[in-house]
Amino acid sequence: MNEGIGLVTIEVCDYGSLTVEHLKKIARHPEVAVMNYDCLNICGMCSLKPFAIVNGRRVFANTIEECLEKVERTVNKELSALQ
């Protein structure tokens, strides 16, 4: 998935528990692009906790639901800064 114009990018690892499917709601913003990679080279992080990288910053939590909430808050902060 690589939709949107990419003012805010969310990157996920193919091996992580947080997937592109989980991020579909957040990716509805036209300014947001979600990209998945085979590996993000953050060794071991994908096996420990759900995580994503939002505009170069790691966002993680103990559960997928918590991580999604944090990702959405981070995306909203990034979008607010662009206005």
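About the cut-offs
- Residues numbered from 1 in each chain as written.
- Predicted model: local features only at pLDDT ≥ 70, side-chain atom pairs only at ≥ 80, totals over all residues.
- Heavy atoms only, no water.
- Helix = DSSP H or I, 4+ residues; strand = E, 2+ residues; numbered from the N terminus.
- Buried < 20%, exposed > 50% of the residue type's maximum accessible area, 1.4 Å probe, protein only.
- Pairing = 2+ DSSP bridges.
- Axes fitted to C-alpha atoms, helices over the stretch in contact; angles between N-to-C directions.
- Contact = heavy atoms within 4.5 Å.

*Asks:* Can you explain the side chain of Thr9? Please cite residues and give values.
*Replies:* Within the secondary structure, Thr9 is located in strand β1 (residues 8-13). Judged by its relative accessible area of 18%, Thr9 falls in the buried class.

*Asks:* If you had to explain the sheet that holds β1 to someone new, which residues and values would you point to?
*Replies:* In a beta sheet, neighbouring strands pair by backbone hydrogen bonds and run either parallel or antiparallel. Spatially, β2-β1-β3-β4 is the arrangement adopted by the four strands of the open sheet, whose pairing is mixed. For this open sheet the edge positions go to β2 (32-37) and β4 (57-60), each flanked by a neighbour on one side alone. In this sheet, adjacent strand axes meet at a mean angle of 25 degrees when their direction is disregarded. Both strand β3 (residues 51-54) and β4 contribute to a ladder of four bridges, which runs antiparallel. Note that in β4 the partner of Val54 across the bridge is Arg57. Contacts between helix α2 (residues 64-82) and the sheet are confined to β1, β2, β3 and β4, with β4 contributing the most and set at about 145 degrees to the helix.

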